[in-house]
Amino acid sequence: MVVRLINKFDQRKARELIESNGFKYEEKFDALFGVFENGELVATAARDYNIFKMICIRDSHQGGGLLGELITELINSCAYSNIENFFVFTKPDRCLSFQHLNFTPLVKHPKLCLLEYGHGLQKYLDGYQELVKPGRNGAVVVNCNPFTRGHQYLIEQAAAQVDQLYVFVVREDRSIFPFEVRYRLTREGTAHIPNVTVLDTSDYAISQVTFPGYFLKRDDDQQLIQMEVDLELFGRHIAPFFNIEKRFIGTEPYCRTTRIYSETMHKVLALYNVETVQLDRVARGDQPISAFRVREALKGEAFETLNELVPATTLNFLRSVQARELLHTLKNYQRRH
Amino acid sequence: MEIARKAQAGTMQSSDLMVFLEPADDLRIEIDSTVKKQFEHLIKGQVEKVLAELSVTAGYIKISDRGALDYAIAARLETAIRRASSQEGA
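Residues numbered from 1 in each chain as written. Chains lettered and ligands numbered in written order. Predicted model: local features only at pLDDT ≥ 70, side-chain atom pairs only at ≥ 80, totals over all residues.

1. What about helix 9 (residues 291–299) of chain A?
Residues and elements named next belong to chain A.
Here is step 1: Within helix 9, the full set of buried residues consists of Ala291, Arg293, Val294, Arg295 and Leu298.
Here is step 2: Among the structural elements, strand 14 (287–288), helix 10 (303–309), helix 11 (312–318) and helix 12 (321–331) are those in contact with the buried residues of helix 9.
Here is step 3: Count one or two residues on from helix 9 and you reach Glu301, which has phi positive near 50 degrees. (Buried ≥ 20, exposed ≤ 12 C-beta atoms within 10 Å, placed from the backbone. Helix = DSSP H or I, 4+ residues; strand = E, 2+ residues; numbered from the N terminus. Contact = placed C-beta atoms within 7 Å.)

2. Examining the sheet that holds strand 1 (residues 7–10) of chain B
Within a sheet, neighbouring strands are paired by backbone hydrogen bonds and run either parallel or antiparallel to one another.
Residues and elements named next belong to chain B.
Here is step 1: Within the open sheet, the 4 strands sit side by side as 1-2-4-3. Their pairing is mixed. Each end of this open sheet is capped by a strand with a single partner; those strands are strand 1 and strand 3 (27–33). Taking the axes of each pair of neighbouring strands and ignoring which way they run, one obtains an average angle of 10 degrees across the sheet.
Here is step 2: Bridge count for strand 2 (residues 17–22) against strand 4 (residues 59–65) is 6 bridges, and the pairing is antiparallel. The residue of strand 4 that forms the bridge with Leu21 is Ile61.
Here is step 3: Its contacts with the sheet put helix 1 (residues 36–53) on strand 3 and strand 4, and the angle it makes with strand 3 is roughly 145 degrees. (Pairing = 2+ DSSP bridges. Axes fitted to C-alpha atoms, helices over the stretch in contact; angles between N-to-C directions.)

3. Focus: the interface of chain A and chain B
Here is step 1: At the interface, 10 residues of chain A touch 9 residues of chain B.
Here is step 2: Looking at the side of chain A that touches chain B residue by residue, the class counts come to 4 nonpolar, 5 polar and 1 charged. (Nonpolar A, V, L, I, M, F, W, Y, C, P; charged D, E, K, R; others polar.)

So, in structure tokens, the structure goes:
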């Protein structure tokens, strides 16, 4: 029988089982489950929001029904939390076991497979069917935390090079500005460009934060693999649906993560006949405009500077009552992105 | 009976199925199965039969099957419908 592992003692047993299988134990999860037999923990599995992870079954208990039992509990716990789409990252040789549980493979990478339960991706795309335009289209994927004149410039430049430009705003809420605000400000800030469509990435942009690396080896570059998986997903499923032939990205001189991302993008998207186009960032003063600079200016309540960095649509929001609360959070916040 | 709220029943064990129900204006049946190619029409037939017996005319019915037999499909679906209906005691 599958039970929740709640106390420290049981969780330590789960850690031992996971580590004895050569995986890493990650502290970050919403629910941890296990199966005991004669007082011994023989299997374990965890859920971190919409991702199933740390699924481990003792060798002696492989091949039975334990995986099915664990997955049932994980699915039930999603249903109670109203989570619709859920995913599992696994080693390529385990991909088939999950396909037998009605998971659909989304990305097959040499080091790992990404599968989802159900047909969330297809439904996501079907929901945008009406917005698909023929022609040579382009895409940008942005977080817009918040929307700046830099974003606006990038989108204007990109839109001029394609028939239709799709702007995907990252749905995942790990930023100071919540998705609804980021999405709205992006729409408002691009409303004057006729061939721009603003969309939501839903769960189909993989972030570093949600990417579990517990089954990767220590010397695998986890960050790089995560980027490759994210770009494979875009190139294989999203780009062909929207007739996307170009993906635009701003040059990023001082953030290492973003620079590696753009290098990887060239490499991966070329396989799907999507060209990566780098556009120079627009500068104010001697530095390019970045959302980071905006957040710094906002902390100091330097509205003069803000006026130079963000369009009027964003500035109106930053001056609103709704923004006061965010501002308060921002002042106590230290992360780079 | 009416599907008044979200409900589910079953497991992902081999020879079993999971049924997920959601309220909807029309009737939509979605079937995922490890034996979809061979048996989708039979699974659908069985689902429609149970829905007719319980006079369910609307709802989003999602089946995730791992090769369940007819009576398992009927039992899991009926359980889920009773849980989803406004009456208590399923």
